[in-house]
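Observations on chain architecture
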Amino acid sequence: MSVTYGDLTIDWLGYATSRITDGERVVYVDPGRYGVLDAYDARDGDLVLVTHDDHYDPDGIDRVAAPGAVVGIFEGIDAGEIDRESRPVEELDHEIRRIGIGDAFEVDGIAVEAITAYNTAEGHTRDDGTPYHPEGEGVGYRLDFEGTTVFYPGDSDVVPEYEGLTADVFLAPIDDAFTMSPDAIVELAERLGAELVVPVHYDTFEALEADEEAFAEDVRSRGLRVEVLDPDVAARP
């Protein structure tokens, strides 16, 4: 099941993995981990973006990246500092672009802006009060497909840097374990002026359990469009 907005078609493939295409160009955000792409091998992505180390999966990148793809990886990701086996970024067989907070660039006519992503002291923290995702350790992405915009915040609470941000489509992480609360998401969607909200980043494992239908009802009660997608990748391109 996909959802369309204007010329865009959007799929949620599980966990944080989204596929966005305008029929000519294909973008993936945070592909892989936890087996969500084990049955997937499209290799059709022109642009692949990774937000931070939790979502760095070289095998997932290989499964979605087309020959000649640009793979944008947050500059703070270091495979040697990740507590799981992972290939170093420099060993990936793709054109790699390291991305810093605030960077803006264009690939195949798609404008990309990297926006800081972090948990606040008042938001999602560990028992000792430290944020799960400290400031400076990740980004979210705003994509502009020549006038149609998509925002995925990555693993983040609502932060001051979102002030003035707009987006037509909001890929909303609804787990409320490591990312913004459902109420905060709905308020942010209104501030963004989003005309479509797509829940992502939930139900992959126990800590990410979420009631997507209750969330969707809340979004609809505010007069916004929301589409809950089936993450089964077997039928995807």
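In the block above lies the structure referred to throughout.
I will try to describe carefully the structure that is included in this document. Quick caveat, the model's predicted, so the values are computed rather than measured.

Attention now goes to the sheet that holds strand 3 (residues 17–21). Here we have 7 strands laid out as an open sheet, ordered 1-2-3-4-5-6-7, and mixed in their pairing. Whereas interior strands pair on both sides, the edge strands pair on one side only; in this sheet they are strand 1 (3–5) and strand 7 (95–99). Here the strands of the sheet are splayed against their neighbours by 20° on average, with no regard to which way each runs. Pairing of strand 3 with strand 4 (residues 26–29) involves 4 bridges; the strand directions are antiparallel. Pairing of isoleucine 20 across the sheet is with valine 27, part of strand 4.

Glancing now at the sheet that holds strand 8 (residues 104–107). Spatially, the 6 strands line up as an open sheet ordered 8-9-10-11-12-13, and their pairing is mixed. Lying at the two open borders of the sheet, with one neighbouring strand each, are strand 8 and strand 13 (196–200). With strand direction ignored, the average angle separating the axes of adjacent strands in the sheet is 20°. Pairing analysis gives 5 bridges linking strand 10 (residues 139–145) to strand 11 (residues 148–152), with the strands arranged antiparallel. Its bridge partner being in strand 11, tyrosine 141 is matched across the sheet by tyrosine 152. Strands strand 11, strand 12 (169–173) and strand 13 of the sheet are contacted by helix 2 (residues 182–192), whose axis makes an angle of about 165° with strand 12.

Once their charged atoms are close, side chains differing in charge can pair, the charge on each being opposite to the other. Applying the stated criterion across every chain, the model contains 9 salt bridges. With its nearest N and O atoms 3.7 Å apart, the salt bridge here joins aspartate 218 to arginine 222. For arginine 222, a relative accessible area of 33% corresponds to the partly exposed category. Arginine 225 is the partner of glutamate 227 in a salt bridge, and the nearest nitrogen-oxygen pair spans 3.4 Å. In this structure glutamate 227 comes out as partly exposed when scored by relative accessible area, which is 23%.

Below, the discussion takes up unusual backbone geometry. The backbone of tyrosine 34 shows a phi angle near 55°, a positive value even though the residue is not glycine. By secondary structure assignment, the location of tyrosine 34 is in the loop between strand 4 and strand 5 (45–50). Since its relative accessible area comes to 47%, tyrosine 34 is described here as partly exposed.

What counts, and at which threshold
Residues numbered from 1 in each chain as written. Predicted model: local features only at pLDDT ≥ 70, side-chain atom pairs only at ≥ 80, totals over all residues. Heavy atoms only, no water. Pairing = 2+ DSSP bridges. Helix = DSSP H or I, 4+ residues; strand = E, 2+ residues; numbered from the N terminus. Axes fitted to C-alpha atoms, helices over the stretch in contact; angles between N-to-C directions. Contact = heavy atoms within 4.5 Å. Salt bridge = Lys/Arg side-chain N within 4 Å of Asp/Glu carboxyl O. Buried < 20%, exposed > 50% of the residue type's maximum accessible area, 1.4 Å probe, protein only.

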